[in-house]
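Analysis of the macromolecular model
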Amino acid sequence: MDILVCIKRVPDISGQITLDASGRDIDHGALGHTISAHEECAVELAVQLAGATDGEVTILTLGTDDAVEQLRASLAVGADDAVLIETEDPGAYGPEDIAFAIAEAVRTRANDSRSCDLVLVGNDAADTGDFQVGVRLAYELDRPVLTGITLLRLAEEAAEVDAASEGGPTSVEAYGIGPAGTEVFRLPLPAVVAVQEGGVEPRYPSIPGRMKAKKAPLDEVDAPEPVHGNPRNALELPPEQSSTVTVLGEGPEAAGALVDVLDELGVLR
Amino acid sequence: MTLVFVEIEGPDAPSGSGGVQLTSAEAVTFARTNTAILDGGSAADSSPLEVAVIGALTDEARDRLAHLGVDRIHHIDSPDVHAYSAAAWAQALVDVAPTHGTVMASGTPRGMELMAHVAARLGARMAANVVAVDEDGFLRQVLGGAAFERLKLTGALQVLTVAGHACDPEDTAPTEPEILTHSPEASADDLRTRVVRTEVEEADDTSGLTQAKVVVGAGRGVGSADGFAEVLELADHLGGALGVSRVVTSLGWRPHAEQVGQTGSRISPDVYIACGISGAIQHWAGVQGAKSIIAINTDEEATMVQRADYAIIGDLHEVVAAINEEITRRRR
Ligand SMILES: Cc1cc2nc3c(=O)[nH]c(=O)nc-3n(C[C@H](O)[C@H](O)[C@H](O)COP(=O)(O)OP(=O)(O)OC[C@H]3O[C@@H](n4cnc5c(N)ncnc54)[C@H](O)[C@@H]3O)c2cc1C
Ligand SMILES: Nc1ncnc2c1ncn2[C@@H]1O[C@H](COP(=O)(O)O)[C@@H](O)[C@H]1O
């Protein structure tokens, strides 16, 4: 089974952030970059599934040349090749534009007899969090789509059918967390799945993995012009809040004061 | 016109059964208090507020929707929507969606998924996690709640999800909602993504966490997988749930279902007691909806302590054990 995983280079923030001069983006200045935890899990799932089915994993991103860093990082944990849909100004692309650009790349590759059975995306990007690129991509490609999926497994039945048939698996079993428990889906391929953190533990790159990643093939294509554009006008930071914390004390001696607070807050039953 | 997708609580919900989910009640209130803008400006304030319920519509839910000021309920129910399939449910919503105005839901996993499908089907733009709206457009959470984006959506119809706790549910003079029933038939394509079975395992159930009045949070400061006895006991004393940081789930100390934050559950308890948690942005994203926050940390400079309402500086094992003792003592 051949799998395409879409990742996005995002700033790695843990503390304070500031805005850049345009007011439309945060100041990336001293920040490192990463991909979302969901996407790391998507890469891991892809590497496992492809490994079990003799397939290949391709990593794709739409972004600037800098995003090669994130493509290589995913190659180092077991992907086979990568595609950079390059643009100088990723901020000009709205979710519809990104979905369209990815769909174009999927179609181009399919024409080149490199079709993929499964496209994986993260459930939501760590920066813009639009919660829609995967679904829009599925509609572009006219494929079924699931979101919030934590695990993907080869369906047993499918495996039997596939042993007899020439092509790879024709469906996968997908697991997601629903309001009443784990929801199980039988997803026919080809399909799109938005992966949610929690089902698999992303692996660390090995030294040979890093070596292989340096030499792995990387396809660069120009991004199509954005048609819909990004509806963002400006970014705002929440107002700086000066701390209003009441320190009740130090160590176990403060327990009494805390229980008083719990009582006042009405949660001491 | 504005159409709000409303989620009904499952029979296992702690509050009883069949009520309107809190976050849906918030979304309905958000729609009602912003009708004129959501309808596209031209419409009067009197434009009807419509909701869609898929599956059973209980008396309790109908009554609640009346108190939330809903004018019309689209009750969508048929064998084809009994098992959840985002595509089939979204098409059912599309069938009752207005041509002008807004289709919206609360920013739950279901809400996000369905609205993305509705937007794709209608060729509409979508804004996720909206917290406010005015004539200039929307304000929505980005970067896991660390920043807000101002944006304007174009098109006659717009799709959005409302971030949890963007507003409080607000009762109004009860209406007599008109109920329209629909029995959609889904296409074979739309049923491909249907839930084939649901496995109910305790460890996967996040509803206890998202609906709890008290959540005791535990982070790396707990020290090891064996260090959770005191925090679990405290949660138990307060009838609350345990929530943990990502470090804790990554290290395999606790299951991911207990994770709180940008990539875990978003919680909104009356009280959140964060023990040994530094308060990273991605964690804060999940807990900022708490009414009161108490931090227990050895480091008084930790972000969690600075942002908390109350704090105790000290080793969490000692402090929480003392709190447990004190609660037991007072109850005797
Ligand atoms: C895309 C992305 C998504 C993420 N999603 C999430 C998410 O959903 N949820 C989440 O939580 N994180 C998330 N993170 C990770 C987040 O950035 C932090 O790394 C994480 O929240 C830190 O967990 P922590 O507070 O337990 O650990 P640390 O940051 O290591 O903090 C430990 C704290 O414990 C205190 N401490 C140590 N010993 C004791 C003791 N004996 N008694 C009392 N206090 C003690 C320390 O002073 C410190 O403040 C995400 C990160 C990224 C990049
Ligand atoms: N520029 C991009 N390049 C590649 N994949 C992307 C890009 N933007 C979003 N995605 C994918 O779509 C997912 C959801 O993004 P979003 O809809 O923006 O929250 C992300 O987790 C990525 O997997």
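Residues numbered from 1 in each chain as written. Chains lettered and ligands numbered in written order. Predicted model: local features only at pLDDT ≥ 70, side-chain atom pairs only at ≥ 80, totals over all residues. Heavy atoms only, no water.

1. Describing the overall build of chain B
Counting secondary structure elements, chain B contains 12 helices and 15 strands. Judged by the C-alpha coordinates and their principal axes, chain B covers about 60 × 45 × 40 Å. Going through the 332 residues of chain B one by one, you find that 58% of them count as buried. Contacts in chain B between residues far apart in sequence, at least 24 positions, make up 63% of those at least 6 positions apart. A total of about 12,800 Å² of accessible surface is found on chain B, and carbon and sulfur atoms cover 47% of it. Taking the average location of the 24 positive side-chain charges in chain B and that of its 46 negative ones, the two points are 3 Å from each other. (Helix = DSSP H or I, 4+ residues; strand = E, 2+ residues; numbered from the N terminus. Buried < 20%, exposed > 50% of the residue type's maximum accessible area, 1.4 Å probe, protein only. Contact = heavy atoms within 4.5 Å. Areas by Shrake-Rupley, 256 points an atom, 1.4 Å probe, with all protein chains shown as cover. Lys, Arg positive; Asp, Glu negative; His and termini not counted. Charge placed at Lys NZ, Arg CZ, Asp CG, Glu CD.)

2. Section: the pattern of salt bridges
Considering all chains together, one arrives at 31 salt bridges over all chains under this definition. Between A:Lys8 and A:Asp127 there is a salt bridge, and its shortest N-O distance comes to 3.0 Å. You can see A:Lys8 sitting in the loop between strand E1 (3–6) and strand E2 (10–12) and its partner A:Asp127 sitting in the loop between strand E6 (118–122) and helix H4 (133–141), a full 119 residues away along the chain. Residue classification places A:Asp127 among the buried residues on the basis of a relative accessible area of 15%. One salt bridge in this structure joins B:Arg330 and A:Asp260, with 2.8 Å as the shortest N-O distance. Of this pair, B:Arg330 sits in helix H12 (residues 316–331) while A:Asp260 sits in helix H7 (residues 255–264), each in a different chain. (Salt bridge = Lys/Arg side-chain N within 4 Å of Asp/Glu carboxyl O.)

3. Points about the site of ligand 1
Residue and element names in this part refer to chain B. Contacts to ligand 1 come from 26 residues, most closely from Arg220, Ser245, Ser278, Asn297 and Asp315. Within the side chain of threonine 263, a nitrogen or oxygen atom sits 2.8 Å from a nitrogen atom of ligand 1. For ligand 1, the protein covers 81% of the area, taking 990 Å² as the surface of the free molecule. Secondary structure elements with two or more residues in the shell around ligand 1: helix H9 (246–250) and helix H10 (281–287). Residues of the shell around ligand 1, tallied by class, amount to seven nonpolar, 15 polar and four charged. (Near = heavy atom within 4 Å. Polar contact = N/O pair within 3.5 Å; in protein donor to acceptor, adjacent residues only side chain to side chain. Nonpolar A, V, L, I, M, F, W, Y, C, P; charged D, E, K, R; others polar.)

4. A word on helix H3 (residues 59–67) of chain B
Residues and elements named next belong to chain B. Ala61, Leu65 and Ala66 are the residues of H3 that are buried. Burial along H3 is one-sided: seen end-on, the buried residues are contained in an arc of 140 degrees. Of the residues trailing H3, glycine 69 is marked for its positive phi of about 90 degrees. (Arc of directions from axis to C-beta.)

5. A few points about the site of ligand 2
Residue and element names in this part refer to chain A. Neighbouring ligand 2 are 18 residues; Cys6, Glu39, Gly122, Ala125 and Val133 lie closest to it. Taking cysteine 6, its main chain carries an N or O atom lying 2.6 Å from an oxygen atom of ligand 2. Between an oxygen atom of ligand 2 and a main-chain N or O atom of phenylalanine 131, the distance comes to 2.9 Å. Alone, ligand 2 offers 480 Å² of accessible surface; in the complex the protein occludes 99% of this. Secondary-structure elements contributing two or more residues to the shell around ligand 2 are strand E4 (57–63), helix H3 (95–111) and E6. Here the shell around ligand 2 is built from residues that sort into nine nonpolar, five polar and four charged.

6. A closer look at the sheet that holds strand E8 (residues 157–162) of chain B
The mixed open sheet is built from 10 strands, whose spatial order is E12(A)-E7(B)-E6(B)-E5(B)-E8(B)-E4(B)-E1(B)-E2(B)-E3(B)-E9(B). Among the strands making up the open sheet, the edge pair consists of strand E12 (232–236) of chain A together with strand E9 (178–182) of chain B. Pairs of neighbouring strands in the sheet enclose a mean axial angle of 35 degrees, with direction left out of account. (Pairing = 2+ DSSP bridges. Axes fitted to C-alpha atoms, helices over the stretch in contact; angles between N-to-C directions.)

7. Comments concerning the environment of B:Ala92
Along the polypeptide, B:Ala92 turns up in helix H5 (residues 86–96). Between the C-alpha atom of B:Ala92 and that of B:Leu180, which follows or precedes it by 88 residues, the distance is 13 Å.

8. Side note on the side chain of A:Thr61
By the secondary structure assignment, A:Thr61 is in strand E4. Those residues in contact with A:Thr61 that sit more than four places away from it in its chain are A:Ile7, A:Lys8, A:Arg9, A:Ala67, A:Leu71, A:Val83, A:Leu84 and A:Ile85.

9. Let's talk about the interface of chain B and chain A
With 76 residues of chain B at the interface, the matching set in chain A holds 76 residues. Of the roughly 6,500 Å² buried where chain B meets chain A, counting both sides, 56% is carbon and sulfur surface. Per-residue buried area on chain B facing chain A is highest for B:Arg125, B:Leu143 and B:Arg192; these three make up 10% of the total on that side. Salt-bridge contacts for A:Glu183 lead to B:Arg110; the nearest nitrogen and oxygen are separated by 2.7 Å. In terms of residue class, the side of chain B that touches chain A is made up of 36 nonpolar, 17 polar and 23 charged. In this sheet, strand E15 (residues 310–313) of chain B lies alongside strand E13 (residues 246–250) of chain A in parallel orientation, the contact comprising four bridges. Residue pairing for E15(B): A:Glu250 is matched across the bridge by B:Ile313. (Buried area = accessible area lost by both parts, 1.4 Å probe.)

10. A closer look at the confidence of the model for chain B
For chain B, mean pLDDT is 91; residues scoring 70 or higher make up 94% of the total. What the predictor reports for the complex is a pTM of 0.89 with an ipTM of 0.91. (pLDDT = per-residue confidence, 0-100.)

11. Some words on the domain arrangement of chain B
All names here are of chain B. Split into domains, chain B comes out as domain 1 (2–191) and domain 2 (209–331). Distance from the C-alpha centre of domain 1 to the C-alpha centre of domain 2: 32 Å. Each partner contributes residues to the interface: domain 1 has eight residues there, and domain 2 has eight residues. For the pair domain 1 and domain 2, the interface holds zero salt bridges. Here domain 1 and domain 2 share one residue pair in polar contact (both at pLDDT 80 or more) between them. Partitioned by chemical class, the residues of the side of domain 1 that touches domain 2 number three nonpolar, four polar and one charged. (Domains from an automatic or database assignment.)

12. Here we look at the packing of H7(A) against H12(B)
Following both chains from N to C, one finds H7(A) and H12(B) inclined at 60 degrees, their axes separated by 9 Å at the closest point. Between H7(A) and H12(B), the crossing angle belongs to the class labelled oblique. The handedness of the crossing between H7(A) and H12(B) comes out as right-handed. On H12(B), the residues touching A:Ala255, A:Gly256, A:Leu258, A:Val259, A:Asp260 and A:Leu262 of H7(A) are B:Val319, B:Ala322, B:Ile323, B:Glu326, B:Ile327 and B:Arg330. Grouping the amino acids of the contact of H7(A) with H12(B) by side-chain chemistry returns eight nonpolar, one polar and three charged. (Parallel < 35°, antiparallel > 145°, perpendicular 65-115°, else oblique. Left-handed = near helix turned anticlockwise from the far one by under 90°.)

13. Details of helix H1 (residues 37–53) of chain A
Residues and elements named next belong to chain A. Taking 1.5 Å of rise per residue, 17 residues should cover 24 Å, and H1 covers 25 Å from first to last C-alpha, within 8% of that figure. The element H1 is largely enclosed, with a buried count of 13 among its 17 residues. Of the residues that open H1, the one with a side-chain oxygen 3.0 Å from the backbone nitrogen of histidine 38 is serine 36. Downstream of H1 by one or two residues, aspartate 54 has phi in the positive range, about 65 degrees. (Expected span 1.5 Å × (residues − 1).)

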